[in-house]
Amino acid sequence: MSASHAGAAETMRSAARGFLTCLTDGQHAQVLHPFTDPARTQWSYMPRPRPGVSLVDLSATARKAAHCLLATALSRNAFAQAVTIMAFEEVLDLDEAGRRGRHSDDYWTAVFGDPDKEMWCWRFEGHHLSVTATIHGEDVVAAPLFLGANPARIHDQADSLLFGPLWREEDLARALLSDLPSPLRHQAVVAQTAPSDLITGTAPQVEPFDQAGVCGADLPSSGRDLLHRLISVYLDRLHPTLARPELDLGEVTFAWAGGPRPGQSHYYRIQTPHLLIEYDNTQRDANHAHTVLRRPGADFGADLLPAHLATEQR
């Protein structure tokens, strides 16, 4: 479901133009792709070759411009999460003794279409980070929006949390599950074993799941407050110019799979007709988290395409 975000659309256009002017001719050719390129919807949060240009190959000015483009879609808090996730590649590389050659500059920026035209798209992506924004005139869809972390948490020798870019996403959901009265908790837990990863994976489009889980309207007041706070964590990832109210708890379902205690593999999802949130933490002894915010029927601007095609046919 699209919405007019004129300020966000123009800010993204300006940031994309600024980024493109910082590139060499060769990099310019790497970054720009037709809007119809199939790669536009072929996203991934795993290490792999990607369209676009890598931060490691950019000048300091161009790298800053790429970060500025990313920041047009994210709130200040989410931008801090994103750059922390990028930095965590160095921690993961240390943990792996450099076997896979991970580094914090292995993040790529690509533009699909022309920012000076009516419809275009940009993506900033690498391991555990994928942000796509599709723009049609003044309408913007920022989805899929993926944030992951490995390790999910870093503790000191006294087991105090030092760093955890996605700790709120985990702790609030577990607090919500624990807060539920036994009958509602039984309803919320849809499986005793968590799936090994996000169920929707990297599909270009997703459909809402069935209504398994517990409805937000059925929760006690403390549970409704926790669910509201948890959804806000995800919606607040978006830049304030992209925000829109979506918290009718009567439409929301919350479903959990896996163990309820810290250190146990677990998964949850939250959905409304126009919003799907997934969280999975099963790898590395439940210290490797994946999260995504998706728009059923609207990811990659799918709901903007009919208006675009109608405009082109005039």
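The paragraphs below set out a description of the structure included in this document. Bear in mind that the values here come from a model prediction, so they are computed numbers and not experimental data. (Residues numbered from 1 in each chain as written. Predicted model: local features only at pLDDT ≥ 70, side-chain atom pairs only at ≥ 80, totals over all residues. Heavy atoms only, no water.)

**Topic: the overall build of the protein chain**
Thinking step 1. If you tally the helices and strands in the protein chain, you get eight helices and 14 strands.
Thinking step 2. Taking 2.2 N^0.38 as the reference for a compact globule, 314 residues should give roughly 20 Å; the C-alpha atoms of the protein chain span a radius of gyration of 20 Å, in line with that estimate.
Thinking step 3. Expressed along its principal axes, the backbone C-alpha trace of the protein chain runs to roughly 60 × 55 × 30 Å.
Thinking step 4. Classification of the 314 residues of the protein chain by burial places 54% in the buried group.
Thinking step 5. A separation of at least 24 residues holds for 66% of the contacts in the protein chain among residues at least 6 apart in sequence.
Thinking step 6. With the model as given, the accessible surface of the protein chain reaches about 13200 Å², and the carbon-plus-sulfur share is 53%.
Thinking step 7. Positive and negative side-chain charges in the protein chain, numbering 27 and 38 respectively, have mean positions lying 1 Å apart. (Helix = DSSP H or I, 4+ residues; strand = E, 2+ residues; numbered from the N terminus. Rg over C-alpha atoms; globule rule 2.2 N^0.38 Å. Buried < 20%, exposed > 50% of the residue type's maximum accessible area, 1.4 Å probe, protein only. Contact = heavy atoms within 4.5 Å. Areas by Shrake-Rupley, 256 points an atom, 1.4 Å probe, with all protein chains shown as cover. Lys, Arg positive; Asp, Glu negative; His and termini not counted. Charge placed at Lys NZ, Arg CZ, Asp CG, Glu CD.)

**Brief notes about the packing of aromatic side chains**
Thinking step 1. Applying the stated criterion to the full structure yields seven aromatic pairs.
Thinking step 2. Centre to centre, the rings of Tyr 45 and Phe 146 are 4.0 Å apart; their planes meet at 0°, and the pair counts as stacked. Note that Tyr 45 is positioned in the loop between strand 1 (32–33) and strand 2 (53–54) and Phe 146 in strand 6 (residues 139–149), a separation of 101 residues in sequence.
Thinking step 3. Among the residues examined, Phe 146 registers a relative accessible area of 0% and is labelled buried.
Thinking step 4. On the basis of an interplanar angle of 10° and a centroid distance of 6.2 Å, the ring pair of Trp 256 and Tyr 268 is categorised as stacked. You can see Trp 256 sitting in strand 11 (residues 253–258) and its partner Tyr 268 sitting in strand 12 (residues 266–272), a full 12 residues away along the chain. (Phe/Tyr/Trp six-rings, centres within 6.5 Å; stacked < 30°, edge-to-face > 60°.)

**What to know about the nonpolar core**
Thinking step 1. Counting 68 residues, the largest nonpolar core has Trp 122 and Phe 254 as its most contacted members.
Thinking step 2. In this view, Phe 254 contacts Ala 173, Leu 176, Ala 188, Gly 213, Val 214, Leu 227, Leu 230, Tyr 268, Arg 269 and Ile 270; residues no more than four positions away in its chain are not counted.
Thinking step 3. Counting nine residues, the second largest nonpolar core, distinct from the first, contains Ala 110, Phe 112, Ala 143 and Leu 304. (Core = buried A, V, L, I, M, F, W, Y, C linked by side-chain atoms within 4.5 Å.)

**A few points about empty space enclosed by the protein**
Thinking step 1. Within this structure, the stated rule accounts for two cavities of 30 Å³ or more.
Thinking step 2. Approximately 40 Å³ is the volume found for the second largest cavity.
Thinking step 3. For the second largest cavity, the full set of lining residues is Arg 50, Pro 51, Trp 108, Thr 109, Ala 110, Arg 123 and Glu 125.
Thinking step 4. Broken down by element, the residue count for the lining of the second largest cavity peaks at three residues, all from strand 3 (residues 107–112).
Thinking step 5. For the lining of the second largest cavity, the per-class residue count stands at three nonpolar, one polar and three charged. (1 Å grid on protein atoms, 1.4 Å probe; cavity = no way out; pocket = protein on both sides within 12 Å on 5 of 7 lines; lining within 4 Å. Points joined across faces, edges and corners; volume = space filled by probe spheres on them. Nonpolar A, V, L, I, M, F, W, Y, C, P; charged D, E, K, R; others polar.)

**Notes on the packing of helix 5 (residues 167–179) against helix 7 (residues 221–235)**
Thinking step 1. One way to put it is that helix 5 packs onto helix 7 with a least axis distance of 9 Å and a crossing angle of 160°. Taken as axis vectors, helix 5 and helix 7 run roughly antiparallel relative to one another. Taken as a pair, helix 5 and helix 7 cross one another with a handedness that is left-handed. Across the interface between the two elements, Arg 168, Glu 169, Leu 172, Ala 173, Ala 175, Leu 176 and Asp 179 of helix 5 pack against Ser 222, Gly 223, Leu 226, Leu 227, Arg 229, Leu 230, Val 233 and Tyr 234 of helix 7. (Axes fitted to C-alpha atoms, helices over the stretch in contact; angles between N-to-C directions. Parallel < 35°, antiparallel > 145°, perpendicular 65-115°, else oblique. Left-handed = near helix turned anticlockwise from the far one by under 90°.)

**Topic: helix 4 (residues 76–95)**
Thinking step 1. The end-to-end C-alpha distance of helix 4 is 29 Å, a good match for the 28 Å that 20 residues give at a rise of 1.5 Å each.
Thinking step 2. Listing the buried residues of helix 4 in full gives Ala 78, Gln 81, Ala 82, Ile 85, Met 86, Phe 88, Glu 89, Leu 92 and Asp 93.
Thinking step 3. Immediately downstream of helix 4, the backbone of Ala 97 shows phi near 55°, a positive value. (Expected span 1.5 Å × (residues − 1).)

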